[in-house]
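Here is what each chain is made of, one letter per residue.
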Amino acid sequence: MESLTNRKVVVSDKPMTFMEKLYLPGIIKGMLVTFRHILMRRKTIKYPEETREFAPVYRGMHVLKRDDQGRENCTACGLCAVACPAEAITMTSAERTNADKHLYREEKYASMYEINMLRCIFCGLCEEACPKEAIFLTDRLVPTQFERGEFIYGKDKLVEPLDERIDITKRQFTGKRSAI
Amino acid sequence: METFFWIDKLVLVLLLFLISLGIAAYQTYFERKLAGWIQDRVGPDRAGRFGILQPIADGVKMFLKEDFTPANADKWLFILGPGIAMFTSLITSAIIPWGTDLQLFGRSISLQVAEINIGILFAFGIISIGVYGIMIGGWASNNKYSLFGAIRASSQMISYELAMGISAITIIMISGSLDLRAIVESQHGLNWNIFYQPVAFLVFFICALAETNRAPFDLPECENELIGGYHTEYSSMKLGLFLFSEYVAMFVSSAIMAILFFGGYNFPGMDYLTYNPNLLSIISVAVFFIKIFALIFIFMWIRWTIPRFRFDQLMHLGWKVLIPLALVNMLVTGFIVALYESWF
(Lines give C-alpha, C1' and ligand atoms only; values in the text may rest on other atoms or scores of the structure.)
Protein backbone atom coordinates (compact mmCIF):
# COMPACT_ATOMS: atom_id res chain seq x y z
CA MET A 1 0.00 0.00 0.00
CA GLU A 2 1.30 3.40 -0.88
CA SER A 3 1.55 5.62 2.13
CA LEU A 4 -0.13 9.00 2.14
CA THR A 5 2.60 10.80 4.07
CA ASN A 6 6.36 10.53 4.24
CA ARG A 7 6.32 10.30 8.04
CA LYS A 8 6.48 6.53 8.14
CA VAL A 9 9.68 5.20 9.75
CA VAL A 10 10.79 1.63 9.33
CA VAL A 11 11.72 0.28 12.76
CA SER A 12 15.08 -1.45 12.75
CA ASP A 13 15.93 -4.08 15.30
CA LYS A 14 19.66 -4.17 14.72
CA PRO A 15 21.91 -4.79 17.75
CA MET A 16 23.42 -1.67 19.31
CA THR A 17 26.96 -0.76 18.41
CA PHE A 18 29.58 -0.27 21.12
CA MET A 19 29.27 3.52 21.00
CA GLU A 20 25.52 3.24 21.42
CA LYS A 21 25.94 0.87 24.33
CA LEU A 22 28.13 3.41 26.11
CA TYR A 23 25.07 5.69 26.25
CA LEU A 24 27.28 8.64 27.16
CA PRO A 25 27.42 10.18 23.65
CA GLY A 26 23.64 9.92 23.51
CA ILE A 27 23.28 11.48 26.94
CA ILE A 28 25.59 14.35 26.00
CA LYS A 29 23.65 14.88 22.79
CA GLY A 30 20.42 15.04 24.77
CA MET A 31 21.91 17.44 27.28
CA LEU A 32 23.02 19.74 24.49
CA VAL A 33 19.45 19.76 23.19
CA THR A 34 18.10 20.79 26.58
CA PHE A 35 20.87 23.37 26.95
CA ARG A 36 19.86 24.91 23.65
CA HIS A 37 16.36 25.24 25.04
CA ILE A 38 17.67 27.20 28.06
CA LEU A 39 18.90 29.87 25.67
CA MET A 40 15.74 29.93 23.57
CA ARG A 41 13.11 32.59 23.79
CA ARG A 42 10.29 31.80 26.23
CA LYS A 43 6.90 31.27 24.69
CA THR A 44 4.99 32.14 27.84
CA ILE A 45 2.51 35.01 27.85
CA LYS A 46 2.42 36.39 31.39
CA TYR A 47 -1.34 36.69 31.48
CA PRO A 48 -2.48 39.41 33.82
CA GLU A 49 0.30 41.75 32.69
CA GLU A 50 0.21 40.93 29.00
CA THR A 51 -2.54 39.35 26.97
CA ARG A 52 -2.45 37.37 23.81
CA GLU A 53 -3.25 39.37 20.72
CA PHE A 54 -6.91 38.79 19.90
CA ALA A 55 -8.31 38.05 16.49
CA PRO A 56 -10.46 40.91 15.19
CA VAL A 57 -13.57 38.73 15.45
CA TYR A 58 -12.88 37.68 19.06
CA ARG A 59 -16.04 37.31 21.14
CA GLY A 60 -15.42 38.16 24.77
CA MET A 61 -17.34 39.86 27.58
CA HIS A 62 -20.58 41.58 26.63
CA VAL A 63 -21.35 45.26 26.77
CA LEU A 64 -24.74 47.00 26.86
CA LYS A 65 -24.27 50.04 24.67
CA ARG A 66 -25.57 53.54 25.14
CA ASP A 67 -26.35 55.80 22.22
CA ASP A 68 -24.45 58.98 21.39
CA GLN A 69 -26.51 60.92 23.95
CA GLY A 70 -25.66 58.47 26.66
CA ARG A 71 -29.06 56.73 26.78
CA GLU A 72 -29.26 52.97 27.10
CA ASN A 73 -30.19 51.27 23.85
CA CYS A 74 -31.76 48.21 25.44
CA THR A 75 -35.54 48.06 25.43
CA ALA A 76 -35.85 44.74 27.23
CA CYS A 77 -37.52 43.04 24.31
CA GLY A 78 -36.07 39.72 25.39
CA LEU A 79 -34.93 38.59 21.95
CA CYS A 80 -31.40 38.03 23.17
CA ALA A 81 -32.66 35.82 25.96
CA VAL A 82 -34.74 33.85 23.46
CA ALA A 83 -31.85 33.53 21.06
CA CYS A 84 -29.40 32.45 23.74
CA PRO A 85 -28.70 28.73 23.31
CA ALA A 86 -27.20 28.48 26.79
CA GLU A 87 -30.03 30.35 28.51
CA ALA A 88 -27.58 32.62 30.15
CA ILE A 89 -29.52 35.87 29.80
CA THR A 90 -32.43 37.02 31.93
CA MET A 91 -34.07 40.42 32.34
CA THR A 92 -37.08 42.28 33.68
CA SER A 93 -38.52 45.25 31.91
CA ALA A 94 -39.92 48.51 33.26
CA GLU A 95 -41.63 51.55 31.82
CA ARG A 96 -39.70 54.72 31.47
CA THR A 97 -40.95 57.74 33.44
CA ASN A 98 -40.56 61.29 32.24
CA ALA A 99 -37.81 61.93 34.72
CA ASP A 100 -35.72 59.12 33.21
CA LYS A 101 -35.88 60.32 29.60
CA HIS A 102 -32.20 61.13 29.55
CA LEU A 103 -31.31 57.60 30.71
CA TYR A 104 -33.23 55.32 28.35
CA ARG A 105 -33.80 55.82 24.65
CA GLU A 106 -37.25 54.27 24.34
CA GLU A 107 -40.32 53.97 26.54
CA LYS A 108 -39.44 50.54 27.83
CA TYR A 109 -36.16 49.62 29.42
CA ALA A 110 -34.49 46.78 31.31
CA SER A 111 -34.68 47.40 35.02
CA MET A 112 -32.68 44.23 35.59
CA TYR A 113 -30.43 42.55 33.05
CA GLU A 114 -28.22 39.63 33.98
CA ILE A 115 -25.85 37.38 32.06
CA ASN A 116 -24.48 34.29 33.76
CA MET A 117 -20.94 34.21 32.46
CA LEU A 118 -20.52 30.59 33.50
CA ARG A 119 -23.42 29.55 31.28
CA CYS A 120 -22.54 31.85 28.43
CA ILE A 121 -20.77 30.15 25.53
CA PHE A 122 -19.84 33.43 23.83
CA CYS A 123 -21.51 32.44 20.57
CA GLY A 124 -22.66 35.96 19.78
CA LEU A 125 -26.26 35.03 18.95
CA CYS A 126 -27.57 37.66 21.39
CA GLU A 127 -25.70 40.26 19.44
CA GLU A 128 -27.21 38.99 16.19
CA ALA A 129 -30.70 38.86 17.64
CA CYS A 130 -30.66 42.35 19.10
CA PRO A 131 -32.82 44.71 17.02
CA LYS A 132 -31.74 47.79 18.95
CA GLU A 133 -27.99 47.33 18.69
CA ALA A 134 -27.79 47.26 22.43
CA ILE A 135 -25.71 44.22 23.22
CA PHE A 136 -22.31 43.48 21.73
CA LEU A 137 -19.49 41.12 22.49
CA THR A 138 -16.14 42.82 23.00
CA ASP A 139 -12.49 41.79 23.12
CA ARG A 140 -12.44 42.04 26.91
CA LEU A 141 -12.01 38.89 29.00
CA VAL A 142 -14.25 37.80 31.85
CA PRO A 143 -11.93 37.79 34.86
CA THR A 144 -11.70 34.74 37.09
CA GLN A 145 -13.46 34.73 40.45
CA PHE A 146 -13.53 32.53 43.51
CA GLU A 147 -17.35 32.45 43.92
CA ARG A 148 -19.90 31.27 41.38
CA GLY A 149 -22.24 34.12 42.24
CA GLU A 150 -19.73 36.67 41.12
CA PHE A 151 -20.02 35.41 37.56
CA ILE A 152 -23.61 36.63 37.26
CA TYR A 153 -23.07 40.03 35.69
CA GLY A 154 -25.75 42.63 36.28
CA LYS A 155 -26.25 45.99 34.68
CA ASP A 156 -23.54 47.48 36.87
CA LYS A 157 -20.92 45.46 35.01
CA LEU A 158 -22.56 45.21 31.59
CA VAL A 159 -23.73 48.73 30.76
CA GLU A 160 -20.87 50.78 29.46
CA PRO A 161 -19.88 53.68 31.67
CA LEU A 162 -20.57 57.15 30.33
CA ASP A 163 -17.05 58.42 30.78
CA GLU A 164 -15.26 55.45 29.22
CA ARG A 165 -17.12 54.25 26.18
CA ILE A 166 -16.20 50.79 24.89
CA ASP A 167 -15.11 50.51 21.31
CA ILE A 168 -16.91 47.69 19.52
CA THR A 169 -16.04 48.68 15.96
CA LYS A 170 -13.26 46.10 15.73
CA ARG A 171 -15.58 43.31 14.79
CA GLN A 172 -18.51 45.32 13.41
CA PHE A 173 -17.63 45.52 9.73
CA THR A 174 -21.10 46.17 8.39
CA GLY A 175 -22.90 49.46 8.81
CA LYS A 176 -24.09 49.20 12.35
CA ARG A 177 -25.13 52.49 13.84
CA SER A 178 -23.83 53.25 17.28
CA ALA A 179 -20.24 52.33 16.81
CA ILE A 180 -18.86 54.38 19.67
CA MET B 1 43.40 30.97 72.86
CA GLU B 2 41.18 28.02 73.60
CA THR B 3 38.08 30.19 73.99
CA PHE B 4 38.84 31.97 70.72
CA PHE B 5 39.08 28.58 69.07
CA TRP B 6 35.61 27.64 70.26
CA ILE B 7 34.16 31.00 69.25
CA ASP B 8 35.66 30.64 65.77
CA LYS B 9 34.25 27.17 65.38
CA LEU B 10 30.84 28.18 66.70
CA VAL B 11 30.60 31.09 64.28
CA LEU B 12 31.72 28.85 61.45
CA VAL B 13 29.19 26.17 62.36
CA LEU B 14 26.34 28.67 62.47
CA LEU B 15 27.42 30.24 59.21
CA LEU B 16 27.67 26.86 57.53
CA PHE B 17 24.26 25.85 58.83
CA LEU B 18 22.66 29.01 57.48
CA ILE B 19 24.55 28.87 54.18
CA SER B 20 23.66 25.21 53.60
CA LEU B 21 19.99 25.84 54.31
CA GLY B 22 19.95 29.05 52.28
CA ILE B 23 21.62 27.40 49.33
CA ALA B 24 19.26 24.43 49.61
CA ALA B 25 16.29 26.81 49.59
CA TYR B 26 17.52 28.67 46.56
CA GLN B 27 18.39 25.40 44.85
CA THR B 28 14.67 24.62 44.85
CA TYR B 29 14.04 27.97 43.22
CA PHE B 30 16.78 27.52 40.67
CA GLU B 31 15.70 23.96 39.97
CA ARG B 32 12.21 25.15 39.10
CA LYS B 33 13.58 28.03 37.08
CA LEU B 34 15.87 25.73 35.13
CA ALA B 35 13.08 23.23 34.57
CA GLY B 36 11.04 26.08 33.18
CA TRP B 37 13.81 27.28 30.92
CA ILE B 38 14.53 23.84 29.56
CA GLN B 39 10.83 23.38 28.81
CA ASP B 40 10.60 26.84 27.19
CA ARG B 41 8.65 28.17 30.16
CA VAL B 42 9.42 31.00 32.55
CA GLY B 43 9.35 29.20 35.89
CA PRO B 44 8.23 30.80 39.14
CA ASP B 45 8.07 34.56 38.74
CA ARG B 46 5.17 35.71 40.92
CA ALA B 47 6.71 36.02 44.42
CA GLY B 48 8.91 39.07 44.31
CA ARG B 49 10.99 40.19 41.36
CA PHE B 50 11.76 37.16 39.10
CA GLY B 51 10.08 35.05 41.80
CA ILE B 52 13.11 35.50 44.03
CA LEU B 53 10.98 35.15 47.19
CA GLN B 54 9.50 31.84 46.06
CA PRO B 55 11.55 29.64 48.47
CA ILE B 56 10.46 31.81 51.40
CA ALA B 57 6.84 31.55 50.32
CA ASP B 58 7.24 27.78 49.98
CA GLY B 59 8.83 27.56 53.42
CA VAL B 60 6.02 29.55 55.01
CA LYS B 61 3.50 27.36 53.22
CA MET B 62 5.22 24.22 54.51
CA PHE B 63 5.06 25.47 58.08
CA LEU B 64 1.39 26.44 57.81
CA LYS B 65 0.25 23.08 56.44
CA GLU B 66 -1.40 20.54 58.70
CA ASP B 67 1.14 18.21 60.27
CA PHE B 68 -0.54 14.87 59.71
CA THR B 69 0.55 11.55 61.17
CA PRO B 70 -1.18 8.43 59.81
CA ALA B 71 -3.13 6.45 62.40
CA ASN B 72 -1.10 3.26 62.01
CA ALA B 73 2.27 4.94 61.74
CA ASP B 74 5.00 4.45 64.30
CA LYS B 75 4.94 7.95 65.75
CA TRP B 76 8.49 8.22 67.01
CA LEU B 77 10.13 6.71 63.97
CA PHE B 78 7.84 8.83 61.81
CA ILE B 79 9.37 11.93 63.40
CA LEU B 80 12.86 10.46 63.50
CA GLY B 81 13.03 9.72 59.74
CA PRO B 82 13.15 13.27 58.37
CA GLY B 83 15.34 14.29 61.29
CA ILE B 84 17.99 11.72 60.43
CA ALA B 85 17.75 12.58 56.75
CA MET B 86 18.37 16.25 57.46
CA PHE B 87 21.08 15.56 60.06
CA THR B 88 23.11 13.31 57.79
CA SER B 89 22.87 15.81 54.96
CA LEU B 90 24.04 18.70 57.10
CA ILE B 91 26.76 17.01 59.18
CA THR B 92 29.04 16.24 56.24
CA SER B 93 29.66 19.95 55.67
CA ALA B 94 31.64 19.95 58.95
CA ILE B 95 34.67 18.24 57.42
CA ILE B 96 34.81 20.23 54.21
CA PRO B 97 37.70 22.70 53.93
CA TRP B 98 35.97 25.75 52.52
CA GLY B 99 39.05 27.85 51.82
CA THR B 100 42.57 28.79 52.84
CA ASP B 101 43.09 30.17 56.33
CA LEU B 102 41.89 33.65 57.22
CA GLN B 103 44.24 35.98 59.14
CA LEU B 104 41.96 37.92 61.46
CA PHE B 105 42.45 39.51 64.91
CA GLY B 106 46.08 38.43 64.89
CA ARG B 107 45.40 34.76 64.56
CA SER B 108 44.87 32.25 61.83
CA ILE B 109 41.31 31.02 61.40
CA SER B 110 40.80 27.73 59.62
CA LEU B 111 37.75 27.54 57.38
CA GLN B 112 37.08 23.93 58.28
CA VAL B 113 34.98 22.99 61.27
CA ALA B 114 36.47 19.60 62.07
CA GLU B 115 40.02 18.99 60.90
CA ILE B 116 39.98 15.23 61.19
CA ASN B 117 42.64 13.32 59.31
CA ILE B 118 40.22 10.67 58.03
CA GLY B 119 37.78 13.16 56.50
CA ILE B 120 36.88 11.07 53.52
CA LEU B 121 36.10 8.03 55.67
CA PHE B 122 33.87 10.21 57.83
CA ALA B 123 32.07 11.43 54.69
CA PHE B 124 31.45 7.90 53.50
CA GLY B 125 30.32 6.83 56.94
CA ILE B 126 27.76 9.62 57.04
CA ILE B 127 26.62 8.89 53.48
CA SER B 128 25.96 5.29 54.44
CA ILE B 129 23.96 6.43 57.46
CA GLY B 130 21.96 8.64 55.09
CA VAL B 131 19.91 5.69 53.97
CA TYR B 132 18.50 5.28 57.47
CA GLY B 133 16.49 8.49 57.28
CA ILE B 134 14.71 7.32 54.18
CA MET B 135 14.40 3.73 55.37
CA ILE B 136 12.97 4.67 58.76
CA GLY B 137 10.68 7.29 57.25
CA GLY B 138 9.34 4.88 54.67
CA TRP B 139 8.91 2.04 57.13
CA ALA B 140 7.26 4.13 59.85
CA SER B 141 4.65 5.43 57.42
CA ASN B 142 3.05 1.97 57.32
CA ASN B 143 2.17 2.37 53.68
CA LYS B 144 3.10 0.00 50.91
CA TYR B 145 4.25 2.74 48.55
CA SER B 146 6.44 4.28 51.22
CA LEU B 147 7.91 0.90 52.02
CA PHE B 148 8.59 0.22 48.35
CA GLY B 149 10.29 3.59 48.08
CA ALA B 150 12.38 2.90 51.16
CA ILE B 151 13.42 -0.55 49.94
CA ARG B 152 14.37 0.84 46.57
CA ALA B 153 16.30 3.65 48.24
CA SER B 154 18.26 1.33 50.48
CA SER B 155 19.16 -1.19 47.77
CA GLN B 156 20.10 1.61 45.39
CA MET B 157 22.24 3.45 47.92
CA ILE B 158 24.06 0.32 49.08
CA SER B 159 24.78 -0.75 45.49
CA TYR B 160 26.13 2.60 44.43
CA GLU B 161 28.16 3.21 47.59
CA LEU B 162 30.51 0.41 46.53
CA ALA B 163 31.44 1.91 43.20
CA MET B 164 31.60 5.34 44.81
CA GLY B 165 34.00 4.13 47.49
CA ILE B 166 36.21 2.32 44.99
CA SER B 167 36.49 5.40 42.81
CA ALA B 168 37.32 7.45 45.89
CA ILE B 169 40.09 4.96 46.74
CA THR B 170 41.85 5.85 43.50
CA ILE B 171 41.91 9.47 44.59
CA ILE B 172 43.26 8.44 47.99
CA MET B 173 45.96 6.45 46.22
CA ILE B 174 47.24 9.30 44.11
CA SER B 175 47.03 11.93 46.83
CA GLY B 176 48.26 9.59 49.54
CA SER B 177 45.98 10.81 52.30
CA LEU B 178 42.51 10.42 53.75
CA ASP B 179 42.53 14.01 54.98
CA LEU B 180 40.35 16.20 52.80
CA ARG B 181 42.59 19.20 53.44
CA ALA B 182 45.62 17.22 52.27
CA ILE B 183 43.73 16.02 49.20
CA VAL B 184 42.90 19.61 48.35
CA GLU B 185 46.47 20.78 48.94
CA SER B 186 47.81 18.05 46.66
CA GLN B 187 45.82 19.61 43.79
CA HIS B 188 47.51 22.97 44.10
CA GLY B 189 46.84 25.43 41.28
CA LEU B 190 45.47 23.63 38.27
CA ASN B 191 46.86 20.22 39.22
CA TRP B 192 43.36 18.81 39.59
CA ASN B 193 42.57 15.13 39.97
CA ILE B 194 40.03 15.23 37.15
CA PHE B 195 42.91 15.33 34.67
CA TYR B 196 44.40 12.14 36.13
CA GLN B 197 41.20 10.32 37.00
CA PRO B 198 38.42 11.10 34.49
CA VAL B 199 37.01 7.59 34.75
CA ALA B 200 36.92 7.75 38.53
CA PHE B 201 35.15 11.08 38.27
CA LEU B 202 32.56 9.67 35.90
CA VAL B 203 31.84 6.74 38.21
CA PHE B 204 31.82 8.97 41.27
CA PHE B 205 29.50 11.46 39.63
CA ILE B 206 26.99 8.81 38.54
CA CYS B 207 27.09 7.33 42.04
CA ALA B 208 26.62 10.76 43.59
CA LEU B 209 23.47 11.16 41.49
CA ALA B 210 22.25 7.83 42.79
CA GLU B 211 23.23 8.56 46.40
CA THR B 212 21.32 11.84 46.47
CA ASN B 213 18.29 10.20 44.81
CA ARG B 214 18.40 12.60 41.92
CA ALA B 215 17.02 11.85 38.49
CA PRO B 216 17.72 9.62 36.59
CA PHE B 217 18.10 7.61 39.82
CA ASP B 218 15.08 9.00 41.65
CA LEU B 219 13.35 5.64 41.87
CA PRO B 220 12.73 5.88 45.64
CA GLU B 221 10.47 8.86 45.14
CA CYS B 222 9.20 8.50 41.63
CA GLU B 223 5.90 10.27 41.43
CA ASN B 224 4.14 8.21 38.83
CA GLU B 225 4.85 4.73 40.22
CA LEU B 226 5.13 5.25 43.96
CA ILE B 227 3.24 8.55 44.41
CA GLY B 228 6.20 10.13 46.16
CA GLY B 229 7.81 6.95 47.49
CA TYR B 230 9.12 7.15 51.01
CA HIS B 231 7.55 10.55 51.70
CA THR B 232 4.05 9.70 50.50
CA GLU B 233 2.58 9.97 53.99
CA TYR B 234 4.55 13.01 55.06
CA SER B 235 3.15 16.50 55.18
CA SER B 236 4.02 19.92 56.48
CA MET B 237 7.60 20.60 57.51
CA LYS B 238 8.42 16.90 57.88
CA LEU B 239 7.97 16.61 54.14
CA GLY B 240 9.86 19.87 53.88
CA LEU B 241 12.79 18.36 55.77
CA PHE B 242 12.91 15.37 53.44
CA LEU B 243 12.84 17.55 50.35
CA PHE B 244 15.31 19.96 51.90
CA SER B 245 17.71 17.23 52.94
CA GLU B 246 17.85 16.08 49.33
CA TYR B 247 18.96 19.53 48.27
CA VAL B 248 21.44 19.87 51.12
CA ALA B 249 22.83 16.45 50.18
CA MET B 250 23.18 17.64 46.63
CA PHE B 251 25.07 20.70 47.82
CA VAL B 252 27.38 18.70 50.07
CA SER B 253 28.05 15.97 47.52
CA SER B 254 28.86 18.66 44.96
CA ALA B 255 31.31 20.08 47.50
CA ILE B 256 32.91 16.68 48.00
CA MET B 257 33.20 16.15 44.27
CA ALA B 258 34.75 19.60 43.91
CA ILE B 259 37.28 18.64 46.59
CA LEU B 260 38.13 15.21 45.22
CA PHE B 261 38.28 16.05 41.53
CA PHE B 262 38.26 19.78 40.91
CA GLY B 263 40.88 20.95 43.36
CA GLY B 264 38.51 22.25 46.03
CA TYR B 265 39.39 25.87 46.64
CA ASN B 266 42.48 25.78 44.41
CA PHE B 267 42.55 27.99 41.37
CA PRO B 268 45.26 28.74 38.81
CA GLY B 269 47.37 31.74 39.77
CA MET B 270 46.82 31.45 43.52
CA ASP B 271 50.56 31.68 44.21
CA TYR B 272 50.55 35.35 43.18
CA LEU B 273 48.13 36.18 46.00
CA THR B 274 50.11 34.80 48.94
CA TYR B 275 51.16 38.33 49.98
CA ASN B 276 47.55 38.95 51.10
CA PRO B 277 46.23 35.85 52.89
CA ASN B 278 42.77 37.31 53.53
CA LEU B 279 42.20 38.19 49.89
CA LEU B 280 43.43 34.74 48.92
CA SER B 281 41.10 33.16 51.43
CA ILE B 282 38.05 35.07 50.19
CA ILE B 283 38.82 34.33 46.54
CA SER B 284 39.45 30.67 47.33
CA VAL B 285 36.07 30.38 49.05
CA ALA B 286 34.42 32.09 46.09
CA VAL B 287 36.16 29.77 43.63
CA PHE B 288 35.10 26.76 45.67
CA PHE B 289 31.48 27.92 45.63
CA ILE B 290 31.62 28.54 41.89
CA LYS B 291 32.77 24.96 41.39
CA ILE B 292 29.98 23.70 43.66
CA PHE B 293 27.36 25.70 41.82
CA ALA B 294 28.61 24.46 38.45
CA LEU B 295 28.27 20.88 39.68
CA ILE B 296 24.80 21.58 41.08
CA PHE B 297 23.86 23.03 37.72
CA ILE B 298 24.97 19.82 36.02
CA PHE B 299 22.94 17.81 38.56
CA MET B 300 19.83 19.77 37.66
CA TRP B 301 20.59 19.81 33.97
CA ILE B 302 20.77 16.01 34.01
CA ARG B 303 17.54 15.78 35.94
CA TRP B 304 15.61 17.66 33.29
CA THR B 305 17.21 15.77 30.41
CA ILE B 306 17.38 12.08 31.20
CA PRO B 307 14.36 9.91 31.99
CA ARG B 308 14.30 7.64 35.03
CA PHE B 309 15.91 4.20 35.01
CA ARG B 310 13.97 1.02 35.36
CA PHE B 311 14.93 -0.85 38.51
CA ASP B 312 16.70 -3.74 36.74
CA GLN B 313 18.59 -1.23 34.60
CA LEU B 314 19.63 0.56 37.77
CA MET B 315 20.98 -2.62 39.32
CA HIS B 316 22.64 -3.62 36.05
CA LEU B 317 24.39 -0.26 35.82
CA GLY B 318 25.48 -0.33 39.43
CA TRP B 319 26.75 -3.88 39.75
CA LYS B 320 27.75 -4.90 36.25
CA VAL B 321 29.07 -1.65 34.82
CA LEU B 322 30.19 0.82 37.46
CA ILE B 323 31.79 -1.56 39.98
CA PRO B 324 33.92 -3.41 37.36
CA LEU B 325 34.82 -0.09 35.79
CA ALA B 326 35.83 1.36 39.14
CA LEU B 327 37.77 -1.79 40.03
CA VAL B 328 39.73 -1.81 36.77
CA ASN B 329 40.40 1.87 37.18
CA MET B 330 41.62 1.28 40.72
CA LEU B 331 43.93 -1.57 39.63
CA VAL B 332 45.41 0.45 36.78
CA THR B 333 45.91 3.44 39.06
CA GLY B 334 47.51 1.26 41.71
CA PHE B 335 49.83 -0.27 39.14
CA ILE B 336 50.90 3.12 37.82
CA VAL B 337 51.38 4.55 41.30
CA ALA B 338 53.49 1.55 42.30
CA LEU B 339 55.60 1.83 39.15
CA TYR B 340 56.02 5.57 39.64
CA GLU B 341 57.15 5.21 43.22
CA SER B 342 59.61 2.37 42.58
CA TRP B 343 61.23 3.77 39.43
CA PHE B 344 61.45 7.49 40.13
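Here's a quick rundown of the structure. (Residues numbered from 1 in each chain as written. Chains lettered and ligands numbered in written order. Predicted model: local features only at pLDDT ≥ 70, side-chain atom pairs only at ≥ 80, totals over all residues.)

## Observations concerning the overall build of chain A
Line of reasoning, step 1. Each helix and strand in chain A was counted, giving five helices and five strands.
Line of reasoning, step 2. Taken against the 2.2 N^0.38 rule, which gives 16 Å for 180 residues, the C-alpha radius of gyration of chain A at 27 Å runs more than 25% over that of a compact globule.
Line of reasoning, step 3. Out of the 180 residues in chain A, the part that is buried amounts to 16%.
Line of reasoning, step 4. Counting contacts in chain A only where the partners sit at least 6 residues apart, residues at least 24 apart contribute 73% of the total. (Helix = DSSP H or I, 4+ residues; strand = E, 2+ residues; numbered from the N terminus. Rg over C-alpha atoms; globule rule 2.2 N^0.38 Å. Buried ≥ 20, exposed ≤ 12 C-beta atoms within 10 Å, placed from the backbone. Contact = placed C-beta atoms within 7 Å.)

## Regarding the interface of chain A and chain B
Line of reasoning, step 1. Taken together, the contact between chain A and chain B spans 11 residues of the former and 10 residues of the latter.
Line of reasoning, step 2. Grouping the constituent residues of the side of chain A that touches chain B by class yields five nonpolar, four polar and two charged. (Nonpolar A, V, L, I, M, F, W, Y, C, P; charged D, E, K, R; others polar.)

## Description of the sheet that holds strand S3 (residues 108-116) of chain A
Line of reasoning, step 1. The strand order across the open sheet formed by three strands is S2-S3-S5 (chain A), and the pairing between neighbours is antiparallel. Looking at strand neighbours, the two that pair on one side only are strand S2 (89-95) and strand S5 (152-153) of chain A, the edges of this open sheet. (Pairing = 2+ DSSP bridges.)

## Overview of the packing of helix H3 (residues 75-91) of chain B against helix H4 (residues 119-140) of chain B
Residue and element names in this part refer to chain B.
Line of reasoning, step 1. Closest axis-to-axis distance for the H3/H4 pair is 7 Å, and the angle between their directions is 160 degrees. Regarding the angle of H3 to H4, the classification is roughly antiparallel. Here H3 and H4 pass one another in a crossing that is left-handed. On H4, the residues touching Leu77, Phe78, Leu80, Gly81, Pro82, Ile84, Ala85, Thr88 and Ile91 of H3 are Ile126, Ile129, Gly130, Tyr132, Gly133, Ile134, Ile136, Gly137, Trp139 and Ala140.
Line of reasoning, step 2. Class assignment for the residues of the contact of H3 with H4 results in 14 nonpolar, five polar and no charged. (Axes fitted to C-alpha atoms, helices over the stretch in contact; angles between N-to-C directions. Parallel < 35°, antiparallel > 145°, perpendicular 65-115°, else oblique. Left-handed = near helix turned anticlockwise from the far one by under 90°.)

## A word on the nonpolar core
Line of reasoning, step 1. Ranked by size, the top nonpolar core spans 85 residues in total, and within it Ala163, Phe204, Cys207, Phe251, Met257, Ile259 and Leu260 of chain B carry the most contacts.
Line of reasoning, step 2. The greatest single-element share of this core, amounting to 17 residues, is contributed by helix H9 (residues 236-261) of chain B.
Line of reasoning, step 3. Among all residues touching Ala163 of chain B, those that are not within four sequence positions of it are Val203, Cys207, Gly318, Leu322, Ile323 and Ala326 of chain B.
Line of reasoning, step 4. Counting 21 residues, the second-largest nonpolar core is a separate cluster that includes Leu64, Cys74, Tyr104 and Ala110 of chain A. (Core = buried A, V, L, I, M, F, W, Y, C linked by C-beta atoms within 7 Å.)

## Topic: the pairing of S3 of chain A
Within a regular strand, side chains alternate between the sheet's two faces.
Residues and elements named next belong to chain A.
Line of reasoning, step 1. Where S2 lies against S3, seven bridges are found, and the strand directions are antiparallel. When the sheet's bridge partners are listed, Met91 is paired in S3 with Tyr113.
Line of reasoning, step 2. Here S3 pairs with S5 via two bridges, running antiparallel. Bridging from a neighbouring strand, Ile115 pairs with Tyr153 of S5.

## Re helix H5 (residues 144-175) of chain B
Line of reasoning, step 1. Compared with an ideal rise of 1.5 Å per residue, which puts 32 residues at 46 Å, H5 of chain B spans 46 Å between its outermost C-alpha atoms and is within 8% of the ideal.
Line of reasoning, step 2. Positioned one or two residues after H5 of chain B, Gly176 of chain B has a phi angle of 75 degrees, which is positive. (Expected span 1.5 Å × (residues − 1).)

## Quick look at the environment of Ile38 of chain B
Line of reasoning, step 1. By secondary structure assignment, the location of Ile38 of chain B is in helix H1 (residues 2-38).
Line of reasoning, step 2. Spatially, the C-alpha atoms of Ile38 of chain B and Ile79 of chain B are 36 Å apart, while their sequence positions differ by 41 residues.

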